[in-house]
Structure formats: structure tokens, C-alpha cells
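Letter by letter, the chains look like this.
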Amino acid sequence: MFTQILETIQNYDTIIIHRHQRPDPDALGSQVGLALLLKEHFPQKTIKVTGCDDPNLTWLAQMNAVSDQEYEGALVIVTDTANSPRIDDERYQKGAYLIKIDHHPADDQYGDLNYVDTTASSTSEIITDFALATGLSLTNEAARLLYAGIVGDTGRFLYPATTSKTLELAAILRNYDFDASLLARMMDTFSLDIAKLQSYVFEHLTIDENGVAYVTLTQELLNKMGLSDLDTGAIVSSPGKIDTVETWAIFVEQPEGYYRVRLRSKSVPINEVAKRHGGGGHLLASGAVSASIEENEAIYQELQKLFEEK
Ligand code: AMP
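Residues numbered from 1 in each chain as written. Predicted model: local features only at pLDDT ≥ 70, side-chain atom pairs only at ≥ 80, totals over all residues. Heavy atoms only, no water.

Draft legend 1. Looking closely at the overall build of the protein. Looking only at helices and strands, the protein features 10 helices and 11 strands. Taking 310 residues into account, the globule formula puts the C-alpha radius of gyration at 19 Å, and the protein, at 19 Å, falls close to it. The principal-axis extent of the C-alpha atoms belonging to the protein is close to 60 × 40 × 40 Å. Here the protein, with 310 residues, has 52% of them falling under the buried criterion. Counting contacts in the protein only where the partners sit at least 6 residues apart, residues at least 24 apart contribute 62% of the total. Counting every atom, the protein has about 13900 Å² of accessible surface; 48% of that belongs to carbon and sulfur. (Helix = DSSP H or I, 4+ residues; strand = E, 2+ residues; numbered from the N terminus. Rg over C-alpha atoms; globule rule 2.2 N^0.38 Å. Buried < 20%, exposed > 50% of the residue type's maximum accessible area, 1.4 Å probe, protein only. Contact = heavy atoms within 4.5 Å. Areas by Shrake-Rupley, 256 points an atom, 1.4 Å probe, with all protein chains shown as cover.)

The structure is reproduced here in C-alpha cells:
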């Protein structure tokens, strides 16, 4: 399938790469890492990346300006995005051919060609695998981005999706010339405001006797702290550091009044709960959308039920 993807890439003069909304390091790493890889080997092609920049991650990578005309006859590749509503920049439909490359469960195969490997820790791992399998050498900057993506999605090689293959590929990336320790520090650094949000999360987390936890972050709170929904990425894994916590939900109120629900688990899969509430994702890291406090309560009860049955 990697050969088929490479052959398709060879057939197009313009390639536009998308990824999911509210990007994390893996979304950016796979998207821009792939773009740099292709630019290196196909310098005559126009290769662009699109989507909204996240101010917290512009140090890692930035997007290009892409005009509507550039989509005419273009190949569009979407990385790290399970379902089409989550693709950042809906012009992904305007190209001539669409390839999806992802590591989430394949619930929505929106591509003309879909490469989904759920055993990969990250989409950046898949892109690294693709480069090695097709004999396309990486650049230092592409290696930095792909390494950042793997580090980000594995929680620095902590989460169960980290395999020996992940480590082998990460070791190959580490041989390129970039400052991996600076990168690790950047990824583990946050502002004082975010530190205060983390403190709020620890102070206000409700934890039941089975380790099912939740916290709600209202718009009023975020505004008072000078933070936004995008900043919650820095604290989403924090409840898991508590020994008694097994699973947790973070309900983030949006300016429109609904809630973004960020679900995580250390053991029992929680993605079915997410699917019942307009979301989905990985077995142990999912997201959903909730219309109200009542729906938040229902989601919390569903999590509690899963852990009662455990
Ligand atoms: P998040 O808490 O937003 O980092 O989401 C964790 C994972 O859940 C992501 O990697 C996505 O795979 C998935 N996810 C989050 N939100 C949604 C959604 N609204 N629909 C489908 N999947 C989602």
C-alpha cells in the first residue's frame, strides 16, 4: 500500500496536506513531516500544508496560505484524522484525489485511498515507516517533526500504544541532527497560566471509589485565567498522574455553550462512550461533544458503569 501511495504522489503536481482541527504534535508532525519529506524528493511539485495555526504550537510548525485554485487537479492527503468532520479546512474535498493516512480506528473511510494502521502509536510513526519502506530519505527537520509527533502521541513512550517498532523508528529519527532534548523540554513546558489551570484541575477533580474522575472547565473560568479551549491540551493527561484515577473526563465549555469532552482511561476502553455522544477516537483516548451539564452527567455515569462492571 505504501507503494500505491508513492505512485499516486508521483502522479500529481500539487499536493495539499491537511490534518485534524485543534492540532496536537502528532497532527502537525505527520502533516508537515510528510510535506518536508515530499519536498525533498519532489522539488518540482507544489507541496503545501493547511489548517489553523495553534498559537501554542507555532514553535513546532506553521501552515501555508493555500488558494482555492490550487485545489484544482491536486492530490489531497489528510493525516491523523479519523473522521471527515474533524478535518481542518473543509476544502479537502476540492482536490482530484484524496488519501487518508491515520492510526485511529477506521470508522469513517473518507479517502479514495485509505491507509489506516491502528497498531501504530501515531501517524508520525506511519509516515516514518512510509519513508523507510519506500527508500525516501528524511531531512533533519522532517525527522524533528516526526519525532515530536511520536513523543506527543505516546506521552513520551509511556502509553500502551508504544511498541518495539515505535522505539526502533524513534531511534532512527534520533540519529538525525536536531536538538531532541530541547524539543522534549519545549513539549513539557507551559506558561504560568496553564500551571494554574493544572492546579485548578487537581483541586477540583471529583474521583469516585472506582477511580472514575471528572472536572468541568467553564468559559467563565477559562476567560478569568486568560486561557482558551486550545490550552486544555496541556492539562488533559494530568488527572492520570494521580494513583487512584483510572479514567477521567474533562468537560470544556465552549463559547457557544456546548462542551468538548476529553476522555482518557488507563485500562478499560472508553471510546464507545465517546461514540454515543457524537465523538470517537482511540480505545483509551477519545473525545466527544456534549450539549449540556445534564449530558456531561450522563457521560460520567456511563464511565462509572464501565468501571463498576470491571
Ligand atoms: P482529544 O481529547 O480532543 O485530544 O481527543 C482524543 C482523541 O479522541 C483524538 O485523538 C481523536 O481521535 C478523538 N476525538 C476527539 N474528539 C472527537 C470527535 N468529536 N469525534 C471523533 N473523534 C474525536
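Draft legend 2. Layout of helix H1 (residues 2-10). When we look at burial in H1, the residues that qualify are Phe2, Ile5, Leu6, Thr8 and Ile9. Taken down its axis, H1 places every buried residue within 160° of arc, on the same side. Packed against the buried residues of H1 are strand S1 (14-18), helix H2 (25-41), strand S3 (75-79), strand S4 (97-102), strand S5 (113-116) and helix H3 (123-134). (Arc of directions from axis to C-beta.)

Draft legend 3. The arrangement of the packing of aromatic side chains in detail. Taken as a whole and judged by the stated rule, the model has eight aromatic pairs. The interplanar angle of 75° and the centroid separation of 5.5 Å between the aromatic rings of phenylalanine 2 and phenylalanine 130 together place this pair among those described as edge-to-face. Here phenylalanine 2, found in helix H1, pairs with phenylalanine 130, found in helix H3; they are 128 residues apart in sequence, far enough to count as distant. Take phenylalanine 2 and phenylalanine 130: they sit in the same class, and that class is buried. (Phe/Tyr/Trp six-rings, centres within 6.5 Å; stacked < 30°, edge-to-face > 60°.)

Draft legend 4. Structural view of the environment of arginine 86. Here arginine 86 lies in the loop between S3 and S4. Residues arginine 86 and histidine 20, spaced 66 residues apart in sequence, show a C-alpha to C-alpha distance of 5.4 Å. Those residues in contact with arginine 86, other than ones at most four positions away along the chain, are Arg19, His20, Gln21 and Thr81.

Draft legend 5. The arrangement of the sheet that holds strand S8 (residues 247-253) in detail. Strand order in this open sheet of six strands is S6-S7-S8-S9-S11-S10, and the pairing throughout is mixed. Each edge of the open sheet is held by one strand with a lone partner, namely strand S6 (206-207) and strand S10 (280-281). As paired strands, S6 and strand S7 (residues 212-217) are joined by two bridges and run antiparallel to one another. Within the sheet, the bridge partner assigned to isoleucine 207 lies in S7 and is alanine 213. (Pairing = 2+ DSSP bridges.)

Draft legend 6. Spatial organisation of the pairing of strand S11 (residues 285-290). Taking every second residue as pointing to the same face, the buried face of S11 carries Ser286, Ala288 and Ser290, while none of Ala285, Gly287 and Val289 on the other face is buried. Here six bridges tie strand S9 (residues 259-265) to S11, and the two strands are oriented antiparallel to one another. When the bridges of S11 are listed, valine 261 appears paired with alanine 288. Judged from the two bridges that link them, S10 and S11 form a sheet pairing that is antiparallel. Its bridge partner lying in S11, glycine 280 is registered against glycine 287.

Draft legend 7. Quick look at unusual backbone geometry. Phi at arginine 22 is positive, roughly 45°, even though this residue is not glycine. Of note, the phi angle at aspartate 89 is positive, near 85°, even though the residue is not glycine. Of note, aspartate 89 is situated in the loop between S3 and S4. Note on aspartate 89: relative accessible area 16%, which makes it buried.

Draft legend 8. Fine view of the pairing of S1. Most of S1 is tucked away, with five of its five residues classed as buried. Judged from the four bridges that link them, S1 and strand S2 (residues 46-49) form a sheet pairing that is parallel. When the sheet's bridge partners are listed, isoleucine 16 is paired in S2 with lysine 48. Bridge analysis of S1 against S3 gives four bridges, and the strand direction is parallel. Along S3, the bridge assignment pairs isoleucine 17 with isoleucine 77.

Draft legend 9. Quick look at the sheet that holds S4. Spatial strand order, S2-S1-S3-S4-S5: five strands in an open sheet with parallel pairing. Here the strands that pair on one side only, and so sit at the sheet edges, are S2 and S5. If you compare each strand with its neighbour and ignore which way they point, the axes differ by 15° on average. Most of the contacts of H1 go to S5, to which it runs at about 135°, and overall it touches S1, S3, S4 and S5. (Axes fitted to C-alpha atoms, helices over the stretch in contact; angles between N-to-C directions.)

Draft legend 10. Highlighting the packing of helix H4 (residues 140-153) against helix H5 (residues 164-174). In contact at an axis separation of 9 Å, H4 and H5 are set at 150° when each is read in the N-to-C sense. Taken as axis vectors, H4 and H5 run roughly antiparallel relative to one another. Here H4 and H5 pass one another in a crossing that is left-handed. Across the interface between the two elements, Ala143, Leu146, Tyr147 and Ile150 of H4 pack against Thr166, Ala170, Leu173 and Arg174 of H5. For the contact of H4 with H5, a count of residues per class yields six nonpolar, one polar and one charged. (Parallel < 35°, antiparallel > 145°, perpendicular 65-115°, else oblique. Left-handed = near helix turned anticlockwise from the far one by under 90°. Nonpolar A, V, L, I, M, F, W, Y, C, P; charged D, E, K, R; others polar.)

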